[in-house]
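Residue strings, one per chain:
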Amino acid sequence: MDCKDTVRKAFETSDFLVQAYLGDLTPQEMFVRPLPEVNHAAWQIGHLISAEWQLVEAAVPGSMPKLPAGFAERHSKDTSTSDKAADFLSKEEYFKLAKDVRAGTLAALDKLSPADLDKPVTGRVPPFVKRIGDSFLTAATHWTMHSGQWVVLRRKLGRPKQF
């Protein structure tokens, strides 16, 4: 296994967790907040799609498919308090867009050499992301980090324990 395989595996793990924790939720349950100050899953998925797009685009400029107009703005910190379903996409639309963005992410990764992953990132990224490889790994593990919130959501909804 090389470093690019490791990044791919991190994305596979994240995809597995998304399906395990959110796959059986109803459209209405995507808007339930596990606690009053916790973002609902619909906003979180949009945020994760936007973040993955931004991290990869910063690492490999021009590599990512276009997001729908205004998508990133609709999933900013300013919109996280909205509970109006009309402000968000459907669960199916989020999952489709996530799949399309992931295809762009993996295509960009495939074009890189292992040495490219050590090059500095020049785009807008969090301060702990220093190299191109950091961008890809952060994009993958960001999804996994949010899965902890979905476990709590499932418990609140009375859904069966997954693991």
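Attention now goes to the packing of aromatic side chains. A complete count under the given rule lists 4 aromatic pairs for this structure. Between Phe16 and Phe163 the ring centres are 5.5 Å apart and the planes differ by 45 degrees, which places this aromatic pair in the tilted class. Taken together, the residues span a long stretch of sequence, with Phe16 in helix H1 (residues 3–22) and Phe163 in the segment after helix H5 (132–157) at a distance of 147 residues. Assessed through its relative accessible area of 52%, Phe163 is described here as exposed. Summarising the aromatic geometry, the rings of Tyr21 and Phe163 are spaced 5.6 Å apart at their centres and angled 85 degrees between planes, so their arrangement reads as edge-to-face. In this pair, Tyr21 is assigned in helix H1 and Phe163 in the segment after H5, connecting sequence segments 142 residues apart.

Next up on the list: the environment of Lys156. The topology assignment puts Lys156 in helix H5. Lys156 sits in the partly exposed class, given a relative accessible area of 49%. The sequence separation of Lys156 and Asp110 amounts to 46 residues, and the corresponding C-alpha distance is 40 Å. Apart from the residues within four sequence positions on either side, Lys156 is in contact with Val32, Arg33 and Pro34.

Calculation rules
- Residues numbered from 1 in each chain as written.
- Predicted model: local features only at pLDDT ≥ 70, side-chain atom pairs only at ≥ 80, totals over all residues.
- Heavy atoms only, no water.
- Phe/Tyr/Trp six-rings, centres within 6.5 Å; stacked < 30°, edge-to-face > 60°.
- Helix = DSSP H or I, 4+ residues; strand = E, 2+ residues; numbered from the N terminus.
- Buried < 20%, exposed > 50% of the residue type's maximum accessible area, 1.4 Å probe, protein only.
- Contact = heavy atoms within 4.5 Å.

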